Amino acid sequence: MPLRFFLIEDDAVVRKMLEKIITENQLGEVVGEAEDGLNVTADQLYSVDVVLIDLLMPGRDGIQTMKKLREEGFKGQFVMISQVENKEMIGQAYLHGVDTYIQKPINRYEVVAVLRRVAEHISISHSLDSIRQLLKALDQTATTASPLHQKEQTQLEQQVQHLLLLLGIAGEAGAADLLLIMRHLAEKEKLGQTIHELPSLKELYTELVRQTHHHHESTIQKEVRAMEQRIRRMVLQAFTHLSSLGLTDYTNPTFEHFAPRLFDFEEIRKRMKELEAGEKTTKCRINVRKFLTAFYMELKKA
């Protein structure tokens, strides 16, 4: 869903420039604007994701306006627009809710880069909210289950957490998704289904999202894509972590055990060479399905 922007800026030329940049770069749509913060209320911003707000305006400045809108319940993002270089004033703006800063005079490339970062942040926040809802639903289900089932769920969660720590990915956003997948596979196996051959990843992610999301199909597909991205980033981080361990100590027990099981070892070797050359990005191929299957097999051994 495209982002909805509201502009609070006393310069009509700047407002026009911002609207043009947002529209031409398909960043979203401008749903409203105001030349100062005096008459803007949170009710007007009900459907707004991002408010672009000038710091210095007549009547009520940006900081006062942000404070008022937060008190009225506005939950969206603020992006400050100003040529002010006073660090103390900018610091005050951040304290009152500014998420990032665009400097005047307006530069198209800076605006696009900043707003894309904001869009990514919002997308991640929404995805994390969805994960929390899914975990809450699963936990509610667990409370109605038998004590034996609850014990099994707790053990699985502890085992997953242990492996995540070993692989250096416990703090990744995809870690919660991975736990959901492992729970799902464990339940499937209880019903007699083998997990040696997983369905397509898209089918797997869609099934998980639909367990607790009863929204429009377009929303479900958006959540599926977000889950796919989180898991891939997490798997790539595990891949790089293991490669780094092997580069430091080829006999490291974590590297020796997990590298050939979770990944193609030839790809691990390539990544080690990339790291040795100081390359941050990788051209290596990552098999996410193999990682998920092997990760579950490791849990069964625990």
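This one's a predicted model, so the numbers in the text were calculated from it and none came from an experiment.

1. Observations concerning the pairing of strand S3 (residues 50-54)
Phase 1: Most of S3 sits out of view: 5 of its 5 residues are buried.
Phase 2: Side chains Val50, Leu52 and Asp54 project from S3 onto one buried face, and the interleaved Val51 and Ile53 project onto a second face that is buried too.
Phase 3: The pairing of strand S1 (residues 3-8) with S3 spans 4 bridges and is classified as parallel. Of the residues in S3, the one forming a bridge with Ile8 is Ile53.
Phase 4: In this sheet, strand S4 (residues 77-82) lies alongside S3 in parallel orientation, the contact comprising 5 bridges. The partner of Leu52 across the bridge, within S4, is Val79.
Phase 5: Regarding the hand of the β-α-β motif, the stretch spanning S3, helix H2 (residues 62-71) and S4 is right-handed.

2. Concerning the pattern of salt bridges
Phase 1: Scanning all chains against the criterion turns up 15 salt bridges.
Phase 2: The shortest N-O distance in the salt bridge between Arg183 and Glu157 comes to 3.1 Å. Residue Arg183 is found in helix H6 (residues 174-190), and its partner Glu157 is found in helix H5 (residues 147-166); the two are separated by 26 residues along the sequence.
Phase 3: Among the salt bridges present, the one from Arg230 reaches Asp177, with a minimum N-O distance of 2.7 Å. Here Asp177 lies in helix H6 and Arg230 lies in helix H8 (residues 217-248), a separation of 53 residues in the sequence.
Phase 4: We classify Arg230 as buried; its relative accessible area is 6%.
Phase 5: A single salt-bridge network, built from bridges that share partners, covers Glu9, Asp54 and Lys104.

3. Re helix H11 (residues 288-301)
Phase 1: Under the 1.5 Å per step criterion, the end-to-end length of H11 is 20 Å for 14 residues, consistent within 8% with the ideal 20 Å.
Phase 2: Every buried residue of H11 is listed here: Val288, Phe291, Leu292, Thr293, Ala294, Phe295, Tyr296, Glu298 and Leu299.
Phase 3: N-capping of H11 is provided by Asn287, with a side-chain oxygen placed 3.2 Å from the backbone N of Arg289.

4. What about the UniProt feature "modified residue: 4-aspartylphosphate" (unreviewed entry) in the chain?
Phase 1: In the UniProt entry, the feature "modified residue: 4-aspartylphosphate" (unreviewed entry) is given for Asp54.
Phase 2: Within the secondary structure, Asp54 is located in strand S3.
Phase 3: For Asp54, a relative accessible area of 4% puts it in the buried group.
Phase 4: The residues touching Asp54, leaving out its near neighbours within four places in the chain, are Ile8, Glu9, Asp10, Gly62, Ile81, Ser82 and Lys104.

5. Some remarks on the pairing of strand S2 (residues 28-34)
Phase 1: The pairing of S1 with S2 spans 6 bridges and is parallel. If you follow Leu7 over to S2, its bridge partner there is Glu33.
Phase 2: Each parallel crossover has a hand, and the one from S1 via helix H1 (residues 12-24) to S2 is right-handed.

6. Brief notes about the environment of Ile286
Phase 1: Looking at the secondary structure, you find Ile286 in the loop between helix H10 (265-276) and H11.
Phase 2: Along the chain, Ile286 and Leu236 lie 50 residues apart, while their C-alpha atoms are 7.1 Å from each other.
Phase 3: Not counting the four nearest positions on each side in its chain, Ile286 is found in contact with Arg232, Val235, Leu236, Phe239 and Phe263.

7. A word on unusual backbone geometry
Phase 1: Residues Lys104 and Pro105 are joined by a peptide bond in cis, for which omega reads 0°.
Phase 2: Assignment of secondary structure puts Pro105 in the loop between strand S5 (98-103) and helix H4 (108-143).
Phase 3: With phi around 55°, Gln26 is a residue other than glycine that occupies positive phi space.
Phase 4: With respect to the element layout, Gln26 can be found in the loop between H1 and S2.

8. Focus: the nonpolar core
Phase 1: Among the nonpolar cores identified, the biggest contains 43 residues, and Met182, Tyr205, Phe263, Phe291, Leu292 and Phe295 are the most heavily contacted of them.
Phase 2: Elements supplying a minimum of two residues to this core: H5, H6, helix H7 (201-212), H8, helix H9 (253-262), H10 and H11.
Phase 3: In terms of residue count, H8 provides more of this core than any other element does, 9 residues in total.

9. What about H6?
Phase 1: Over its 17 residues, H6 runs 25 Å from end to end, which matches the ideal 24 Å to within 8%, given 1.5 Å per residue.
Phase 2: Buried residues dominate H6, accounting for 12 of its 17 residues.
Phase 3: Regarding H6, the residues found buried are Gly174, Ala175, Ala176, Asp177, Leu178, Leu179, Leu180, Ile181, Met182, Arg183, His184 and Leu185.
Phase 4: At the C-terminal side of H6, Gly192 shows a positive phi close to 90°.

The rules behind these values
- Residues numbered from 1 in each chain as written.
- Predicted model: local features only at pLDDT ≥ 70, side-chain atom pairs only at ≥ 80, totals over all residues.
- Heavy atoms only, no water.
- Buried < 20%, exposed > 50% of the residue type's maximum accessible area, 1.4 Å probe, protein only.
- Helix = DSSP H or I, 4+ residues; strand = E, 2+ residues; numbered from the N terminus.
- Pairing = 2+ DSSP bridges.
- Right-handed = clockwise from strand over helix to strand, strands pointing away.
- Salt bridge = Lys/Arg side-chain N within 4 Å of Asp/Glu carboxyl O.
- Expected span 1.5 Å × (residues − 1).
- Polar contact = N/O pair within 3.5 Å; in protein donor to acceptor, adjacent residues only side chain to side chain.
- UniProt positions renumbered as here; feature names shortened; annotations may be inferred.
- Contact = heavy atoms within 4.5 Å.
- Core = buried A, V, L, I, M, F, W, Y, C linked by side-chain atoms within 4.5 Å.

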